[in-house]
Amino acid sequence: MERQEVVCLGESMALFVPAQPGPVHEARAWTLSVGGAESNVASHLARAGFHARWVSALGDDSLGRAVRDRIAGVGVDVTDVRTDPVRPTGLYVKEASADGSPVRYYRRGSAASGMGPELLATVGAGKTALVHISGITAALSSSCLDLLWAVLALPLRVSFDVNWRPALWTELDKGVLRELADRADIVFVGDDEAEAVWGVSAVEDIRSLLPNPAEIVVKHGARGATLLTDSEPVFESALKVDVVEPVGAGDAFAAGFLAADLNGESVRRRLRRGHLTAAGVLLTAEDLGEPLPEDVVAKLLDADDATWSGAYVTAGGVILP
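First, a word on what this report is: a plain description of the structure on this page. Just so it is clear, the model here is predicted, and its values are computed rather than measured. (Residues numbered from 1 in each chain as written. Predicted model: local features only at pLDDT ≥ 70, side-chain atom pairs only at ≥ 80, totals over all residues. Heavy atoms only, no water.)

## A short note on the pattern of salt bridges
Now for step 1: In this structure the tally under the stated criterion is 17 salt bridges.
Now for step 2: The partner of Arg-53 in a salt bridge is Asp-80, with the nearest N and O atoms 2.6 Å apart. Here Arg-53 is found in strand β4 (residues 51–55), whereas its partner Asp-80 is found in the loop between α2 (62–73) and β6 (82–84), with 27 residues between them in sequence.
Now for step 3: Here Arg-53 falls in the buried class, since its relative accessible area comes to 4%.
Now for step 4: When its relative accessible area of 26% is taken as the criterion, Asp-80 is described as partly exposed.
Now for step 5: Glu-265 serves as the salt-bridge partner of Arg-273, at 3.3 Å between the closest nitrogen and oxygen. Neither Arg-273 nor Glu-265 differs from the other in exposure class; each is buried.
Now for step 6: Among the charged side chains, a network of salt bridges with common partners joins Arg-157, Glu-215, Asp-261 and Arg-270. (Salt bridge = Lys/Arg side-chain N within 4 Å of Asp/Glu carboxyl O. Helix = DSSP H or I, 4+ residues; strand = E, 2+ residues; numbered from the N terminus. Buried < 20%, exposed > 50% of the residue type's maximum accessible area, 1.4 Å probe, protein only.)

Written out as structure tokens, the structure reads:
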């Protein structure tokens, strides 16, 4: 059977994390990794057996080659990643903390900021099941915003993660995020993001603001997530996890949910697969992490409520009640 194709479109950057604990300004050794919301989603989908294509732009530099190789190394198709001969690959630096990781971005004028609608020449409407984009891209440049509008005009299913990054929007109209989200088929948004961007956080208010998407996933942090469709809202609690740091968990959740959605799984299994995929990322300081053992995932997807709520994900394994 031919694998379903998903296109994930957006910027990825070289990511530097201190190689040892302690104040960042004292670090003398650093670990080079990769960070990018859309390529994170593509990586998880590739692991799940999909033909995941990442479409983007990188600089003609060593960091760009490192990013391309790392993403390709987990099975993502990077054939259509453009190499910009002038603009550099973006990079960012972060600390690792379970309470949130301070991040410093160095992406102004990056290769990805030069993306525009011309990138869609590589998106095959005949074989692509879904295109995944995020609000980050909308803030990179006017041509990037044009690219997102062009994606949303395609005769394809589109998922949109709001991915609120306040530092990117200080001089821009954040109102466009509602317009973009309302044109998508599937939307991911945290209730904290909705409060920051639109001034609402209740699921019914979010649905009122976004009447058109077929599915809206409202994430409530460590509490869980609610899926809004044409039927009654469905809430699924998050798993208890020994959190190392949270960056990348939202992308993992989106990928898990999308994988289950594309495979036609039930509403509850879509939410649970999102939580299970996110749990593997919460256990690591990197943006991707390792997936939970498949036998554990299989047990928990259809577990009763008591088993699900009592499961405890640790670095040493998953403890079931």
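## As for the packing of helix α8 (residues 249–262) against helix α9 (residues 267–282)
Now for step 1: Where α8 meets α9, the axes come as close as 7 Å, and the angle between the chain directions of the two elements is 145°. Considering only the axes of α8 and α9, their crossing is right-handed. For the pair formed by α8 and α9, the contact residues are Ala-249, Ala-252, Phe-253, Gly-256, Phe-257, Ala-260 and Asp-261 on the first element and Arg-269, Arg-270, Leu-271, Arg-273, Gly-274, His-275, Thr-277, Ala-278, Val-281 and Leu-282 on the second.
Now for step 2: The class makeup of the residues in the contact of α8 with α9 is 9 nonpolar, 4 polar and 4 charged. (Axes fitted to C-alpha atoms, helices over the stretch in contact; angles between N-to-C directions. Left-handed = near helix turned anticlockwise from the far one by under 90°. Contact = heavy atoms within 4.5 Å. Nonpolar A, V, L, I, M, F, W, Y, C, P; charged D, E, K, R; others polar.)

## Comments concerning the pairing of strand β14 (residues 234–237)
Now for step 1: Summarising the sheet, strand β13 (residues 224–228) and β14 pair through 4 bridges and their orientation is antiparallel. Opposite Gly-224, over in β14, you have Ser-237 as the bridge partner.
Now for step 2: Taking the residues that link successive antiparallel strands as the turn, the β13-β14 hairpin has 5 residues. (Pairing = 2+ DSSP bridges.)

## Some details on the layout of surface pockets
Now for step 1: By volume, the largest pocket amounts to about 1,200 Å³.
Now for step 2: The wall of the largest pocket is formed by 46 residues, among which Pro-246, Val-247, Gly-248, Ala-249 and Gly-250 lie closest to the centre.
Now for step 3: Counting only elements with at least two residues in the lining of the largest pocket, the list comes to α1 (37–47), β8 (103–106), α6 (191–198), β13, β15 (240–241), α8 and α9.
Now for step 4: By residue class, the composition of the lining of the largest pocket is 20 nonpolar, 13 polar and 13 charged.
Now for step 5: Reported here for the second largest pocket is a volume of approximately 520 Å³.
Now for step 6: Within the residue set of the lining of the second largest pocket, elements represented by two or more residues are β8 and α4 (142–152).
Now for step 7: Among the elements that line the lining of the second largest pocket, the one with the most residues is β8, at 3 residues. (1 Å grid on protein atoms, 1.4 Å probe; cavity = no way out; pocket = protein on both sides within 12 Å on 5 of 7 lines; lining within 4 Å. Points joined across faces, edges and corners; volume = space filled by probe spheres on them.)

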